[in-house]
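Residue-level listing of the chains:
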Amino acid sequence: MLTAVADDSEQLPASAGRRVVVTGLGVISSVGVGVAEFLSGLRAGRSGAKPITGFPTDGYDHAIACEVVDFDPARWMAHLDPAELGRASQFSVAAAGMALEDAGLTAPDLLGRHGLISIGTTNGETRELDRLVEQEVTGGPERMDPAIARRVNAGRLSAAVARELGLTDVEAVTIPTACAAGNYAIGNAFDAIRAGEAAFAVCGGADALCRKTIAGFYRLGAMAPDRCQPFDKNRQGMLAGEGAGVMLLEDLASARARGARIYAEIIGFALNCDADHPVAPNQDSVARCMELALHNAGVKPDQVDFISAHGTATRANDVVEARAIRQVFGPAPPRTVSVKSMLGHALGAASALAAIGCALAITEGFIPPTINHVETDPECEIDCVPNTAIEASPRIVQNNALAFGGNNAVLILSKFEEHA
Amino acid sequence: MKPAARTVISGWSAISPFGLVGADFAAGLRDGQRHGEGPRHVPDFEVREVLGRKGTRSLDRQTALAVATAGQLLAGQDGGRIDGVGPESGLVLGTVTASALSMMDFARDTFTQDKPYHVDPARFPNTVLNCAAARCAIWHELRGPNTTVSAGRASGLAALNYARRLRRSGRADVILCGAVEELSQARSWLESGAEPLGEGCAMVLVEPLGRPSAHGRAELAEVLALEFGLHSEPSGVRSALGACLRRAFATADETPDRVWAVASSGGPDPFGKGEDAAIADVIGDRAPVRLRSSELVGDTNGASAAFALVAVVAKAAETPQARGHTAVVTSVDRDGVVGCALLRLGSHTAADVT
């Protein structure tokens, strides 16, 4: 069903506005920091899973997560003091700097052009709240450090990027729409550039592992003991992850004018809400979001070369998502992979990292694998590219994201071709 | 610009320290007096009394404030839903974080219970920042775009800008848009300012120019411009916000001469003083009406700009001479974001819609 999004507005098909291209990538992930490391991790099917080191995990029977290790925030900050930022803001600032460098730009190049900083997150600086609560529990509320309290505003994830880059003529907004936030933030940037509201955008997602995430998902029985097995018959749940994925987007004319390398083009986006259940996804609503995104991109389901699934490896998500995919794509859907098998669920960063994976797959000519795969769940019935990446030439790729609260967001990326 | 690409505000609602309904806020606005000292709670806001017992067991105060405010915005005079706001409508909600109380209570259990995972699973979603927006969608059956935005004190303006962008992109026709902030012991640990803390939720209904009249609603204001920038220290607020204001007037092809009201969101601290200075630089003392959301409802942090917006819209709606004039809403966040909105007040005639 493809009912109109709006009954009497004039919907702007993606083709009607400016073309939006990806010209820079920044990655902080559990399989590596930087685009090159991330790419080699995706190609090799590397796992970021390891015992949690960021905080004590006494009392858990298992505490494996996809943590970022060996991250040096100072390497990416010339102006801000890393000590003034929470871990999630450190991630977003560093990944943004990386994306700019990767795009062959320096901050002064962006002065005089109106831009957008759009960063998604699930938890914002909840890890800082953990520290405050620990201080309160051990010493009373008067022991809470006001310097840490100052970091709690989720808006800092995007404002800090602008401050580090010295950009003043920008809209800096954080989109904390839970585990679909990365796609939300990129979609926001897509709309802004397409409509000419921004000349460039620094967009993506960032999240830092925190106590609440581990406790909450463990309590729900959604946490796997040691590995993440999306779409597997014997999957045991998700693994929490962290990191940041940030893209530099610009309109095609500006990318061309400066001779930029173009990884991919963003050609479509959609978002909707199940309005159904606080945590369980709704198949029809997820399917509708995919249909809206394909419609927005002006492509038919059979043109999609692979799907990067939300694919958390929980019992509920994978069956619902796979069925929604079959509902839209029919009995022979495109290959459907979950990079969460390697990266864990990096929450607000997850769909941004996956979108970067899609852009790299298009540029480098491969489809990333779903690792830890033994036997596909017959209830899922998809080709998840088990365990080993395959060489391919994907042209159009769909990136799914679902979130608590029934917030769905789907992004469509394409190989850049001069005459689209 | 075509009518469908232009965005108007056609309704508003507020749950505030003045009371549980918008009329209380409007009365407080007329009165102009702040009552009492100390934190400014929404009086008599008991979740189960306001929203009923069904489905409210795990609802926290922040979420309930948003759900109830959205409910008032959607409520028609006959007790049903207002016309033309169907299930494909969107909702955009600004917030600094989720409920500080919910987040800290949940985290505390990980330290104090026998096992770190002995937490209440029903309250896990309350600790995620999109909780209030998502629960509004479930409660009121809103299946269109549902987005939470965060830009500190400027979250209400960021939400309005995001909603306008959704509209222009054709992703939703009608959008409920606002911001929420609850008051709790936990929040008072995190924030301390020159003004007493306040709480509440303020929302507006946005839709295309020309659409409200088809559904029996007035066009209370048109959103002419929204501009944002960054400051890096309190002394930079004045120039950063001043630049936004000048861009807003230029974009809308308007001059400060026609400004009827200015509503700011800051308090008497260096950031609020910078906000005042920028307004003085660009608009001077031309505007007959000057509103400050923190003087009205206390420091509502993430909701402060949304309260400033609703204050001008509500004030203009009962002031005939405001019609056709403009209003400015400003916000400054200590972490860097500055922003402003420029509105044209009052209904449009057919001749305006070209």
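Nothing here was measured: the structure is a model prediction, and the numbers come from that model.

Rules used throughout
Residues numbered from 1 in each chain as written. Chains lettered and ligands numbered in written order. Predicted model: local features only at pLDDT ≥ 70, side-chain atom pairs only at ≥ 80, totals over all residues. Heavy atoms only, no water. Axes fitted to C-alpha atoms, helices over the stretch in contact; angles between N-to-C directions. Helix = DSSP H or I, 4+ residues; strand = E, 2+ residues; numbered from the N terminus. Parallel < 35°, antiparallel > 145°, perpendicular 65-115°, else oblique. Left-handed = near helix turned anticlockwise from the far one by under 90°. Contact = heavy atoms within 4.5 Å. Nonpolar A, V, L, I, M, F, W, Y, C, P; charged D, E, K, R; others polar. Phe/Tyr/Trp six-rings, centres within 6.5 Å; stacked < 30°, edge-to-face > 60°. Buried < 20%, exposed > 50% of the residue type's maximum accessible area, 1.4 Å probe, protein only. Domains from an automatic or database assignment. Buried area = accessible area lost by both parts, 1.4 Å probe. Salt bridge = Lys/Arg side-chain N within 4 Å of Asp/Glu carboxyl O. Core = buried A, V, L, I, M, F, W, Y, C linked by side-chain atoms within 4.5 Å.

A few points about the packing of helix 4 (residues 126–139) of chain A against helix 4 (residues 100–112) of chain B
As a packed pair, helix 4 of chain A and helix 4 of chain B sit with axes 9 Å apart at the nearest point and diverge in direction by 60 degrees. Comparing the axis directions of helix 4 of chain A and helix 4 of chain B gives the class oblique. Considering the relative orientation of helix 4 of chain A and helix 4 of chain B, their crossing is right-handed. Of the residues in helix 4 of chain B, those in contact with Thr126(A), Leu129(A), Asp130(A), Leu132(A), Val133(A), Glu134(A), Glu136(A) and Val137(A) of helix 4 of chain A are Met103(B), Met104(B), Ala107(B), Arg108(B), Phe111(B) and Thr112(B). Residues of the contact of helix 4 of chain A with helix 4 of chain B, tallied by class, amount to eight nonpolar, two polar and four charged.

Points about the packing of aromatic side chains
Going through the model one piece at a time under the given rule, you end up with eleven aromatic pairs over all chains. Ring centres of Tyr218(A) and Tyr117(B) lie 4.5 Å apart, and the angle between their planes is 40 degrees; on these two criteria the pair is classed as tilted. Of this pair, Tyr218(A) sits in helix 8 (residues 211–219) while Tyr117(B) is found in the loop between helix 4 and helix 5 (131–140), placing the two residues in two different chains. We classify Tyr218(A) as buried; its relative accessible area is 13%. Put simply, the rings of Phe217(A), Phe404(A), Phe106(B) and Phe124(B) pair up and form one aromatic cluster.

Here we look at the domain arrangement of chain A
As a measure of interface size, the accessible area lost when the parts come together is often cited. Residues and elements named next belong to chain A. When its domains are assigned, chain A resolves into domain 1 (21–257) and domain 2 (268–414). Taking the mean C-alpha position of each, domain 1 and domain 2 sit 20 Å from one another. Of the roughly 4,800 Å² buried where domain 1 meets domain 2, counting both sides, 67% is carbon and sulfur surface. Taken as a group, Asn183, Phe231 and Arg235 account for 19% of the area that domain 1 buries against domain 2, more than any other trio of residues on that side. Connecting domain 1 to domain 2 are four salt bridges. Close ionic contact of Glu375 with Lys233 constitutes a salt bridge, the shortest N to O distance being 3.9 Å. Elements supplying a minimum of two residues to the side of domain 1 that touches domain 2: strand 1 (20–29), helix 1 (35–44), helix 7 (181–194), strand 7 (200–207), helix 8 and strand 8 (243–251). At eight residues, the largest contribution of residues to the side of domain 1 that touches domain 2 is made by helix 7. Within the side of domain 1 that touches domain 2, the residues separate by chemical class into 29 nonpolar, 25 polar and nine charged.

A look at the nonpolar core
Within the largest apolar cluster, 175 residues are counted, with the highest numbers of intra-cluster contacts made by Met247(A) and Leu249(A). Look past the residues within four positions of Leu249(A) in its chain and what remains in contact with it is Val20(A), Val21(A), Val22(A), Ile186(A), Ala189(A), Phe190(A), Ile193(A), Phe200(A), Ala201(A), Cys203(A) and Ile266(A). By size, the runner-up hydrophobic cluster in this structure holds 31 residues, among which are Ile15(B), Val67(B), Ile82(B) and Leu142(B).

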